[in-house]
Amino acid sequence: MNRKLVEVRNLKKYFPIRGGVFSKKIGDVKAVDDITFDIREGEIFGLVGESGCGKSTTGRTILNLCPPTAGSVVFAGQTIFDVAENTYINKAKMQKLRRNMQIIFQDPFASLDPRMSVGAIISEGLVKHKLATRREALERAKELLELCGIRYDNVMKYPHEFSGGQRQRISIARSLALNPQFIIGDEPIAALDVSIQAQVLTLLQDLKEKMNLTYLFISHDLGVIRYFCDRIAVMYLGSFVEVGTSEELFNNPLNPYTQVLLSAMPVADIRDRRKRIILQGDVPDPANPPSGCKFHTRCPYAQKRCSQDEPVEKRISETHQVRCHLVD
Amino acid sequence: MGVPISQTNRRLEQGLSPWSIALTRLKRNRMALIALGVLIFLVLIAIFAPFITPYSRDEITMENKFQPPGNGHLLGTDDLGRDVFTRLIYGSRASLSVGLVATSISMILGVTLGAIAGYYGGMADNIIMRIVDIFMCFPFFLMAIVMAAILGPSIYTVMAVSGFLSWPILARIVRAEILSIKEREFIEAARALGLKSADIIVSHILPNTLAVIIVYVTLGIAGGILGEAGLSYLGLGVKQPQPSWGNMLAAAQSFRSLIKHPWLWVPPGILIFITVLSINIFGDGLRDALDPKLKR
Amino acid sequence: MGTLLRVRNLITSFNTSEGQVVAVNGVDIDIKEGRVLGVVGESGCGKSVTSLSIMRLLPKSNGIIAAGIIEYNGQDIVQLSEAEMRNIRGNEIAMIFQEPMTALNPVLPVGEQIGEALEIHQSLTLKSRENRLRCIELLKMVGIPRAEEIVDEYPHQLSGGMRQRVMIAIALSCHPRLLIADEPTTALDVTIQAQVLDLIRQLKKQLGMAIMFITHDLGVIAEMADDVIVMYAGKIVEEADTYTLFTNPRHPYTQGLLASRPDKMKRDEKLHCIRGMVPSPLDMPPGCAFAPRCDHCLPACYQAMPRLKDIEPNHRIRCWLAEQGCNN
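About the thresholds
- Residues numbered from 1 in each chain as written.
- Chains lettered and ligands numbered in written order.
- Predicted model: local features only at pLDDT ≥ 70, side-chain atom pairs only at ≥ 80, totals over all residues.
- Heavy atoms only, no water.
- Pairing = 2+ DSSP bridges.
- Helix = DSSP H or I, 4+ residues; strand = E, 2+ residues; numbered from the N terminus.
- Contact = heavy atoms within 4.5 Å.
- Axes fitted to C-alpha atoms, helices over the stretch in contact; angles between N-to-C directions.
- Expected span 1.5 Å × (residues − 1).
- Buried < 20%, exposed > 50% of the residue type's maximum accessible area, 1.4 Å probe, protein only.
- Buried area = accessible area lost by both parts, 1.4 Å probe.
- Salt bridge = Lys/Arg side-chain N within 4 Å of Asp/Glu carboxyl O.
- Polar contact = N/O pair within 3.5 Å; in protein donor to acceptor, adjacent residues only side chain to side chain.
- Nonpolar A, V, L, I, M, F, W, Y, C, P; charged D, E, K, R; others polar.
- Disulfide = S-S within 2.5 Å.
- Patch = residues over 30% accessible without salt bridge, like charges linked within 9 Å, V, L, I, M, F, W, Y side chains within 5 Å.
- Areas by Shrake-Rupley, 256 points an atom, 1.4 Å probe, with all protein chains shown as cover.
- Phe/Tyr/Trp six-rings, centres within 6.5 Å; stacked < 30°, edge-to-face > 60°.
- Lys NZ or Arg CZ within 6 Å of the ring centre and 35° of its normal.

Draft legend 1. Here's a closer look at the sheet that holds strand β4 (residues 70–75) of chain A. Residues and elements named next belong to chain A. Here five strands make up an open sheet; going across it, the order is β2-β1-β4-β5-β6 and the pairing antiparallel. Only two strands of the sheet have a single neighbouring strand rather than two, namely β2 (24–40) and β6 (87–88). Where strand β5 (residues 78–82) and β6 come together, two bridges link them in antiparallel fashion. What sits directly across from Phe-81, in β6, is Tyr-88. Running at roughly 115 degrees to strand β1 (residues 4–19), helix α1 (residues 55–62) makes contact with β1, β2, β4 and β5 of the sheet.

Draft legend 2. Structural view of helix α4 (residues 110–122) of chain C. Residues and elements named next belong to chain C. When the terminal C-alpha atoms of α4 are compared, their 18 Å separation across 13 residues agrees well with the 18 Å that a helix rising 1.5 Å per residue should span. Of all the positions in α4, only Val-110, Gly-111, Gln-113, Ile-114, Gly-115, Ala-117 and Leu-118 are classed as buried. Each element contacted by the buried residues of α4 is listed here: α5 (129–141), α6 (147–150) and α7 (160–172). Count one or two residues on from α4 and you reach Ser-123, which has phi positive near 40 degrees.

Draft legend 3. Fine view of the interface of chain C and chain A. Across the boundary between the two partners, chain C contributes 43 residues, which contact 45 residues of chain A. With both chains or domains summed, chain C and chain A bury close to 3800 Å², and 53% of this area falls on carbon and sulfur atoms. Counting across the chain C and chain A interface gives four salt bridges. Notably, a salt bridge pairs Asp206(A) with Lys270(C), separated by 3.1 Å at the nearest N-O pair. Our count for the chain C to chain A interface comes out at 20 residue pairs in polar contact (both at pLDDT 80 or more). The set of elements that each furnish at least two residues to the side of chain C that touches chain A consists of α8 (190–207), α9 (218–224), α10 (242–247) and α11 (252–260) of chain C. Here the residues of the side of chain C that touches chain A are counted per class, giving 17 nonpolar, twelve polar and 14 charged.

Draft legend 4. Main features of the interface of chain B and chain A. Between chain B and chain A, the residue contacts involve 38 residues of the former and 43 residues of the latter. Across the chain B/chain A interface, buried area totals approximately 3800 Å², and carbon plus sulfur atoms make up 56% of it. Our count for the chain B to chain A interface comes out at one salt bridge. Residues Glu188(B) and Arg60(A) are paired through a salt bridge, measuring 2.8 Å at the closest nitrogen-oxygen approach. Inspection of the chain B/chain A interface yields 13 residue pairs in polar contact (both at pLDDT 80 or more). Of all the elements in the fold, those that place two or more residues in the side of chain B that touches chain A are α1 (18–28), α8 (185–192) and α9 (197–233) of chain B. Of the residues in the side of chain B that touches chain A, the class split is 17 nonpolar, ten polar and eleven charged.

Draft legend 5. Just the state of the cysteines, in detail. All names here are of chain C. Counted according to the given criterion, the structure contains zero disulfides over all chains. The thiol of Cys-45 is not disulfide-bonded; the next cysteine sulfur, from Cys-288, is found 14 Å away. With no disulfide of its own, Cys-301 has Cys-297 as its nearest cysteine by sulfur position, at a separation of 4.0 Å.

Draft legend 6. Focus on the sheet that holds strand β7 (residues 178–182) of chain C. Residues and elements named next belong to chain C. Within the open sheet, the eight strands sit side by side as β6-β7-β8-β3-β9-β10-β12-β11. Their pairing is mixed. Each end of this open sheet is capped by a strand with a single partner; those strands are β6 (93–96) and β11 (308–312). Geometrically, the sheet is characterised by an average inter-axis angle of 20 degrees between neighbouring strands, direction not taken into account. The pairing of strand β3 (residues 36–40) with strand β8 (residues 210–215) spans five bridges and is parallel. Among the inter-strand pairings, Val-36 is bridged to a residue of β8, identified as Ile-211. This element, α7, spans β6 and β7 of the sheet and lies at about 170 degrees to β6.

Draft legend 7. Seen up close, a nonpolar patch on the surface. All names here are of chain B. Where nonpolar side chains cluster on the molecular surface, the patch consists of Ile-40, Val-43, Leu-44, Ile-47, Phe-48, Phe-51 and Ile-52 and spans about 670 Å² of accessible area. Counting only elements with at least two residues in the nonpolar patch, the list comes to α2 (30–47) and α3 (49–52). It is α2 that provides the largest number of residues to the nonpolar patch, a total of four residues. With respect to the secondary-structure elements, Ile-52 resides in helix α3. With a relative accessible area of 39%, Ile-52 lands in the partly exposed category.

Draft legend 8. The arrangement of the packing of aromatic side chains in detail. What the rule picks out here adds up to 15 aromatic pairs over all chains. Both rings, one in Tyr253(C) and one in Phe290(C), keep their centres 5.2 Å apart while their planes meet at 70 degrees; by these two values the pair is edge-to-face. One end of the pair, Tyr253(C), is in helix α11; the other, Phe290(C), is in the loop between α11 and β11, with 37 residues separating them in the sequence. Each of the two residues, Tyr253(C) as well as Phe290(C), counts as buried. Cluster of aromatic residues (ring-pair linked, three or more members): Phe37(A), Phe45(A) and Phe240(A). The residue whose ring lies beneath Arg115(A) is Trp19(B), and the NZ or CZ to ring-centre distance is 4.6 Å. The aromatic ring of Tyr119(B) is capped on one face by Lys182(B), whose charged end is 6.0 Å from the ring centroid.

See the structure below:
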């Protein structure tokens, strides 16, 4: 097995809710609530869950784009933060480390500065980190554009002159400019059309091979996650309910929530007429999560103890872990 | 890792930057262009005033007072026999420069403080915004009159007063704009690239607020000119013998002149009207041209 | 079964600053009573504009129905006055949209918004007792718990799924015979999407209305529709009953779309990509609009647009391959 690239331990991220006249803290939104996982080099790790389950916040916290509440993240042996030991990486080191870890965002219309040319956008990192002169960086930008499937002579154009799919390619080119090892894709294809989704997904696969990348792939689309990712974590209200390889999770889903997600996924296959599990009710408010197992309010198999005790993680295999009282 | 690029010398396709798009759109807006033409014309007149008129600005010829237009005096003469047309074009110097200087003061204060409040937030934001709130509680003219009374009426007082009283609005606009840009994903992408805060402000945030600043500064000049006119009319602004459109209007304070000598106050009134209208039309044109919702 | 809605040669165009854009270009649609017609296509294919044309809800400033007839129950509604059209909208044809938050008025309680529709179309006075009871009844029908309380709540107090249910309740308040659903579940999470789809299916069975279901998601189409229309660049490219379309797609675009989804793909298989992107409506290629992206392209494809041709009963495609009698 490859060495661990990202080690996340007991990560928590709470957003304070403020209210009243003096903006006093009146509670927390537990966006990420105690998650632990590793990503190995060359792996594609998938995070799947419904909106508000904390999957995007997880990505941003790992990249140190928002301050953590608790836990630690180690990237390639370098501790980014460890809240318990009160160690935080210093600013200069972090800026250097950022070259190795990048992020691709969901909305290709918001993630590119509208007033910069594509060449300037892609070469910005190289220039600001003083890794190349402006001229060299622009040459590199042209190479990266071609690599991402856009003709290099578009380098002087502006973002508004491209379609959503092309912008996402530009976004990917920018993230590759600093030769990173690790890329977080935060729903990178969710805003694209079906045929363009396939193109971008294929591009991400090719780039992974060519540049030895490791991905953390965040998505709500189970079909894409199953196909694209090696290992997958299913998130519900800030916690992992099940982690496993793509095969384990999809052939043998153990947590009822995973089963529900799978059965709710619409599949473009007329012969596949599965019996659906239709959940009752909505996702609970993350500011006020249910006691015990957070899923018990909607779980079709909930028992009495589910509302009382929080389930502990059970190891099914080396790679497959689940949190559910019903799994023995 | 190297990707071969075909060695053919394909010319790079030049993109349309948001600025050049704005320019094309502005060129299509006929009203704004006419307004701009009028403004340029007025500025040129102000600059070349001595070459346009044969009279000197303060030349008094008492025997010629209250001459109606014609007779060698295009717009007649005033109560001291000075040529009204001459004073009008010299007056544009005072009026326009008050507009420009006052707006510059308000721009420097407003943009700096608004940017600090917007980008850093927290305590700085709180303090600056409370100052803004306090400033916005005072009625403009009352404050201006008090300040002019303390500092003594002069053109510099007018500049300072309108400058210091109009920055809070700009500060608010800049702050709001920065707050919204700060939340956009490209700022987060820049942070993920490891850029320093200063780099992010200079190369991403300011260029994206520039459009809004330009529009409000343009419209602010109109406010400055109106402020000058109001204060000078009340005798608290530009002092005689230096002419300004505002203190020329003051002729209308005398009932006799209001009825019998309309050439004393109608021309400066019309010029103020035309100038402010042109600035507003041009400013609106700029706003439309710079609209960030770029058409795809 | 009678034909409820018959659209012939519908052409809808928009005046933009860059020129006239023909968004829908000669579309024929038949919706039979009690059937669900699925309309599928990527963004910009004209599927939403088609539905807005049928509702006569095009933006007044620049959208026009340039040609064609839209016959509802034997009556051409293109010729109707605005007042007559208002009578049809809501009473006969109702519509639900993608984003339930923007379609609901944020300052009115949901009960009042349903009540308004009842007042206009069924002359039940807004604040009356019957009106309120009917509102509560409708909310219960769309599966909203605590309907007696929810009726007085404001849209922002409800979750996305609940809001969409309220939209459906408003749409159903007057027993429409045709419901147009424009991407009604796109903004929702998978588990909530499953709930709403289930609800629409049940209501259809219960009330016997016809549905025009617009979506970009082939999976949802497979689940909901009886018949399917595939649109590309303002034209219908394939039309068949759902089973035929999914088991035997014949147009290269439909085939490409189905192959673009990784749902049934093995992990090591390469995803099929439709290359390129949708042509700009201002710069349509001559001939078949799909030709530049098509893998089976013939010389004829670049010269003229093929007709929509029957290749078997109830199965039509617009493709030169069919015209020339080849099988692909």
